[in-house]
Amino acid sequence: MRILITGAAGFLGSHLCDRLLADGHEIIGMDNFITGNPDNIAHLAGNEKFQFFKRDVSNYIFVPGKVEAILHFASPASPNPLSKSGYFNLPIQTMKAGALGTHNCLGVARRDGSRFLIASTSEIYGDPEVHPQAETYPGNVDPVGERAVYDEAKRFAESMTMAYHRFHGVNTSIVRIFNTYGPRMDMEDGRALPNLLKQALLGQPLTVYGTGSQTRSFCFVDDLIEGIVKLLYSNEHMPVNIGNPVEMTVLEFAETINRITGNTAGITFMENARSARDPQRRRPDITRAKNILNWEPKVSLEEGLRRTIPFFKQKLGLA
Ligand code: UDP
């Protein structure tokens, strides 16, 4: 297939480029680099099956020739208010990428009769009142809450996607992505894994926000990409959760990182700067992914951390 990937220079977008090129497809990548990083796709320069355009997909997208599939992955995604690349500091761009960007991509999909896949998120469940979260749970999001710029943009993106499917018959799919980590994560985006792993490799205490009793479920990037690609190749239209169902507290997560890296500097508990907007529990119910896609994650946290550490060491100049 000839495939358009927006957010191609991002963490997930760049892994998708690699995987889909390896599957034999031709890729057109787009990114405006507000949070994506050219380093993530530098190795693809000169690959005759990869074309790249620096574009803001919130504006009209011109794609030369027909595409058979579109994966819309362009969006800021970090919830850390302290990070320049987090969506608190890019609120309008975040809303535009989810709303206008999705609309533009759907327009191209309609024009070309392409398969369309939107990167949605566990954030559409907000601070969930049911646990774990199945795709049938409509979520608990405050439209004027502080995370709303991201959550509501993605909720709108899902609604728009379903409208194009139901009204125009576009062959759409929706993946709800849960916390993911791995090589090429933005080291400075202030999320749990980059913060904590960087601190551990530098021999510093790990900053756990609040008591660390809030839970997350962390998926290694290769597992996630496999699930997304299976969804792309399927004929499914309703949302599918892709994430790792192994739930742990942030404190347990930090302790695992210290153990794997051999860091003896311990843990520092910090006031949770995002307390009012930090979901307390999050774990995907992946029954649908298992049934429909025959997918489930295979990489344990220990193994995933071992596969992520070399990238962080290289970026930190420790390799
Ligand atoms: N967190 C933490 N220390 C950090 C960064 C994050 O304790 O240095 C916590 C954060 O409060 C949240 C969890 O780790 O409860 C996951 O945060 P992340 O930024 O990765 O994304 P989220 O799951 O909130 O979207």
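To start, this report covers the structure provided alongside it. (Residues numbered from 1 in each chain as written. Predicted model: local features only at pLDDT ≥ 70, side-chain atom pairs only at ≥ 80, totals over all residues. Heavy atoms only, no water.)

Glancing now at the pattern of salt bridges. Applying the stated rule across the entire model yields 21 salt bridges. Where Asp278 meets Arg216, a salt bridge forms, and the shortest distance between an N and an O atom there is 2.7 Å. Of this pair, Asp278 sits in the loop between β13 (267-270) and α7 (287-293) while Arg216 sits in strand β9 (residues 215-217); the two residues are 62 residues apart in sequence, bridging distant segments of the chain. Residues Asp278 and Arg216 agree in their burial class; the two are buried. Across the salt bridge formed by Arg288 and Glu236, the nearest N and O atoms sit 2.8 Å from each other. Of this pair, Arg288 sits in helix α7 while Glu236 sits in the loop between α5 (221-233) and β11 (240-242), and the two are 52 residues apart along the sequence. With relative accessibility at 24%, the residue Arg288 sits in the partly exposed group. Exposure remark for Glu236: the relative accessible area of 15% places this residue in the buried category. Connected through shared salt-bridge partners, Glu123, Arg147, Arg216, Asp278 and Arg282 make up one network. (Salt bridge = Lys/Arg side-chain N within 4 Å of Asp/Glu carboxyl O. Helix = DSSP H or I, 4+ residues; strand = E, 2+ residues; numbered from the N terminus. Buried < 20%, exposed > 50% of the residue type's maximum accessible area, 1.4 Å probe, protein only.)

Now for the side chain of Lys198. Tracing the chain through its elements places Lys198 in helix α4 (residues 192-201). Setting aside its immediate chain neighbours within four residues, Lys198 contacts Met187, Glu188, Leu193, Phe312 and Leu316. (Contact = heavy atoms within 4.5 Å.)

All right, on to the pairing of strand β8 (residues 206-209) then. The side-chain alternation of β8 yields two buried faces, one formed by Leu206 and Val208 and the other by Thr207 and Tyr209. Of the pairings in the sheet, the one linking β8 to β13 comprises 4 bridges and is parallel in character. The residue bridging Leu206 from the neighbouring strand is Ile267, located in β13. (Pairing = 2+ DSSP bridges.)

Our next topic: the site of the ligand. Taken together, 18 residues sit near the ligand, with Asn179, Thr207, Tyr209, Arg216 and Asp278 positioned nearest. For the ligand, an oxygen atom lies 3.0 Å from a polar atom in the side chain of Arg147. The backbone of Thr207 places a nitrogen or oxygen atom 2.7 Å from a nitrogen atom of the ligand. At the level of elements, α4 and β8 are the ones that each hand at least two residues to the shell around the ligand. Take the shell around the ligand: its biggest share by element is 3 residues, from β8. Residue composition of the shell around the ligand, by class: 5 nonpolar, 6 polar and 7 charged. (Near = heavy atom within 4 Å. Polar contact = N/O pair within 3.5 Å; in protein donor to acceptor, adjacent residues only side chain to side chain. Nonpolar A, V, L, I, M, F, W, Y, C, P; charged D, E, K, R; others polar.)

Evaluated as defined, the whole model comprises 0 disulfides. Just so you know, Cys105 is unpaired, no disulfide at all, and the nearest cysteine sulfur is the one on Cys17, 13 Å from it. In this structure Cys105 comes out as buried when scored by relative accessible area, which is 0%. With no disulfide of its own, Cys219 lies closest to Cys17 among cysteine sulfurs, the gap being 19 Å. Overall, Cys219 belongs to the buried group, its relative accessible area being 0%. (Disulfide = S-S within 2.5 Å.)

Omega for the bond connecting His131 with Pro132 falls within 30 degrees of zero, at -10 degrees, which places this linkage in the cis form. Here Phe33, not a glycine, exhibits a phi torsion of approximately 65 degrees, which is positive. The class for Phe33 is partly exposed, based on a relative accessible area of 24%. Positive phi values are uncommon outside glycine, yet Asn294 reaches one of about 55 degrees.

Here we come to the environment of Asn59. Along the chain, Asn59 turns up in the loop between β3 (50-54) and β4 (69-72). When the C-alpha positions of Asn59 and His103 are compared, they lie 9.9 Å apart, and in sequence the two are 44 residues distant.

Locating Asp31 in the fold gives a position in strand β2 (residues 26-31). It is Lys54 that comes nearest to the buried, bridge-free Asp31 among opposite-charge side chains, at 8.4 Å. Of the polar contacts made by the side chain of Asp31, one reaches the backbone nitrogen of Phe33; its length is 2.8 Å. Setting aside chain neighbours within four positions, we find Asp31 in contact with Gly7, Ala8, Ala9, Gly10, Gly36, Phe52, Phe53, Lys54 and Arg55. (Lys, Arg positive; Asp, Glu negative; His and termini not counted.)

Now for the sheet that holds β11. Taken in spatial order, the 7 strands make up an open sheet running β3-β2-β1-β4-β5-β6-β11, and their pairing is parallel. If you trace the sheet from one side to the other, it starts and ends with β3 and β11, each paired once. The mean inter-strand angle of the sheet, taken between neighbouring strand axes irrespective of direction, is 20 degrees. Two elements, strand β5 (residues 115-121) and strand β6 (residues 171-177), share 7 bridges in a ladder whose sense is parallel. Bridge pairing in β6 links Thr121 to Ile177. Most of the contacts of α5 go to β6, to which it runs at about 160 degrees, and overall it touches β4, β5, β6 and β11. (Axes fitted to C-alpha atoms, helices over the stretch in contact; angles between N-to-C directions.)

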